[in-house]
Amino acid sequence: MIVTKNLKKAFGNHMVLKGIDETIHKGEKVVIIGPSGSGKSTFLRCLNLLEEPTEGEVWFEGKKINDKNININQIRQKMGMVFQQFNLFPHLTVLENITLAPVKLGIMSKDEAKDKAIELLKKIGLTQKADSYPNQLSGGQKQRIAIIRALAMNPSVMLFDEPTSALDPEMVGEVLDLMVSLAEEGMTMVVVTHEMSFAKKVATRVLFMDEGEIVEQNSPDELFANPKHPRLKEFLSKVL
Ligand code: ADP
Ligand code: MG
């Protein structure tokens, strides 16, 4: 579904991604871990070209997407993204937040988008919040709305960048539960997170990034029980 070939990203002289070759298959749940500043967010943002690669290729569903002839907005519709900061539009209601993009981009009629939004709100038990504004929601509710807003576009992959890092501890669980159910439904997911329990439970593969490289990768069982690289061992000794 996603392939990167020799993917490099530099900010000025600072080489943040140093040539990443990686393949993410349909249905996989890939969790990315690694120290702060190692390039996890930049990698994720290069996958849907929120950052433009300095060098190398990004392929999505059989197309090279860092190419002038590609309509990147069309590609992004298929790649849902959820950020640490929920990024809901503060001046729009929950329902408007969810229906805005599908209607504006002409993917659904207003009624279709509304039906879809209500169905998704039902799924997370928040139909009663349809007409509320983001500032009337808890952090956990906001992030769950941000997730279903991305799902309303019927994406074929979901990218998550530390979706629980900005939440109060008591709200982490409800967001992770939603992500687990999404995984169980078969969604292809790439998740940057420090929640090792989520990685152990859900990941088909864990990638450890350090200094702009994927230093080690394995199944969660193997990676957590038998880390090989010294930098991974050191990282795990701090977070586990
Ligand atoms: P992580 O998500 O693993 O914490 P990031 O991908 O956010 O790491 O950042 C990797 C490195 O790239 C850091 O040194 C960061 O300061 C730098 N960086 C990220 N975004 C930018 C930017 N827009 N401009 C300059 N430097 C950046
Ligand atoms: Mg980051």
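Residues numbered from 1 in each chain as written. Chains lettered and ligands numbered in written order. Predicted model: local features only at pLDDT ≥ 70, side-chain atom pairs only at ≥ 80, totals over all residues. Heavy atoms only, no water.

1. Topic: the overall build of the chain
Note the threshold: We count a stretch as a helix when DSSP gives it H or I for four or more residues in a row; a strand needs E for two or more, and each element gets its number in order from the N terminus. Each radius of gyration is computed over the set of C-alpha atoms, and the globule rule expresses the reference value as 2.2 Å times the number of residues to the power 0.38. Each residue gets one of three labels from its accessible area relative to the maximum for its type: buried under 20%, exposed over 50%, partly exposed in between, using a 1.4 Å probe on protein chains only. It only takes one pair of heavy atoms within 4.5 Å for two residues to be counted as in contact. Note on areas: these come from Shrake-Rupley sampling with a 1.4 Å probe, and a residue is covered only by the protein chains present in the view.
Scanning the chain from terminus to terminus reveals 9 helices and 10 strands. On C-alpha atoms alone, the chain measures out to a radius of gyration of 18 Å, which is about the 18 Å that the 2.2 N^0.38 rule sets for 240 residues. Per-residue burial for the chain yields a buried fraction of 52% across its 240 residues. Residue pairs at least 24 apart in sequence account for 65% of intrachain contacts in the chain once pairs closer than 6 positions are excluded. As displayed, the chain has an accessible area near 11400 Å², and 47% of this comes from carbon and sulfur atoms.

2. Examining helix α4 (residues 110-123)
Threshold: For a helix, the expected span equals 1.5 Å multiplied by the number of residues minus one. Note that the arc is defined by the directions from the helix axis to the C-beta atoms.
Given a rise of 1.5 Å per residue, 14 residues ought to cover 20 Å, and the 20 Å separating the end C-alpha atoms of α4 matches this to within 8%. Here α4 has its buried residues at Ala113, Lys116, Ala117, Leu120 and Leu121. Along the axis of α4, the buried positions cluster into a sector of 135°, meaning they face one direction only. Of the residues in α4, the exposed ones pointing more than 90 degrees away from the buried face are Asp111, Asp115 and Lys122. Elements in contact with the buried residues of α4: α3 (94-104) and α5 (139-151).

3. So, the site of ligand 1
Selection rule: Nearness here has a simple test: a residue counts as near a molecule or strand if at least one of its heavy atoms is within 4 Å of that partner. The term polar contact refers here to a pair of N or O atoms within 3.5 Å; inside protein, the definition further demands a hydrogen-donor-capable atom paired with an acceptor-capable atom, and it admits residues adjacent in sequence only when both atoms are side-chain atoms. Under the scheme applied here, ten amino acids are nonpolar (Ala, Val, Leu, Ile, Met, Phe, Trp, Tyr, Cys and Pro), four are charged (Asp, Glu, Lys and Arg), and all others, including Gly, are polar.
As a matter of local geometry, ligand 1 sits amid Phe11, His14, Val16, Pro35, Ser36, Gly37, Ser38, Gly39, Lys40, Ser41 and Thr42. At a separation of 2.5 Å, an oxygen atom of ligand 1 approaches a polar side-chain atom of threonine 42. For the shell around ligand 1, the secondary structure elements donating two or more residues are β2 (14-24) and α1 (40-47). If you tally residues by element for the shell around ligand 1, the top one is α1, at 3 residues. Class assignment of the residues belonging to the shell around ligand 1 gives a composition of 3 nonpolar, 7 polar and 1 charged.

4. What to know about helix α9 (residues 230-239)
Of all the positions in α9, only Leu232, Phe235 and Leu236 are classed as buried. Relative to the axis of α9, the buried residues are bounded by an arc of 95° and lie together on one face. In α9, the exposed residues that point more than 90 degrees away from the buried face are Pro230, Ser237 and Lys238. Elements that come into contact with the buried residues of α9 comprise β3 (29-33), α7 (196-202), β9 (205-210), β10 (213-218) and α8 (220-225).

5. Digging into the UniProt feature "domain: ABC transporter" (unreviewed entry) in the chain
What counts here: UniProt positions are given in the numbering used here, feature names are shortened, and annotations may be inferred rather than shown by experiment.
According to UniProt, the feature "domain: ABC transporter" (unreviewed entry) maps to residues 2-236 in the numbering used here. Secondary structure over residues 2-236 splits into 37% helix and 26% strand, and the C-alpha atoms at its two ends are 27 Å apart.

6. Remarks on unusual backbone geometry
One non-glycine residue with positive phi stands out, namely glutamate 61, at about 45°. By the secondary structure assignment, glutamate 61 is in the loop between β4 (55-60) and β5 (63-64). Judged by relative accessible area, glutamate 61 falls into the partly exposed class, the value being 43%. Phi is positive for glutamate 211, close to 50°, though the residue is something other than glycine. Its location among the elements puts glutamate 211 in the loop between β9 and β10. We classify glutamate 211 as partly exposed; its relative accessible area is 48%.

7. A short note on the layout of surface pockets
Keep this limit in mind: Both cavities and pockets are sets of points on a 1 Å grid over the protein atoms alone; in a cavity a 1.4 Å probe fits but cannot get out, in a pocket the set is open with protein on both sides within 12 Å along at least five of seven lines, and lining residues sit with an atom within 4 Å of a point. Grid points are joined across faces, edges and corners, and a volume is the space filled by probe spheres set on the points.
Here the largest pocket defines a volume of roughly 700 Å³. What lines the largest pocket is a set of 25 residues, among which Arg76, Met81, Ala101, Arg149 and Met153 lie closest to the centre. Top element by residues in the lining of the largest pocket is α3. It accounts for 6 residues. Looking at the lining of the largest pocket residue by residue, the classes come out as 16 nonpolar, 6 polar and 3 charged.

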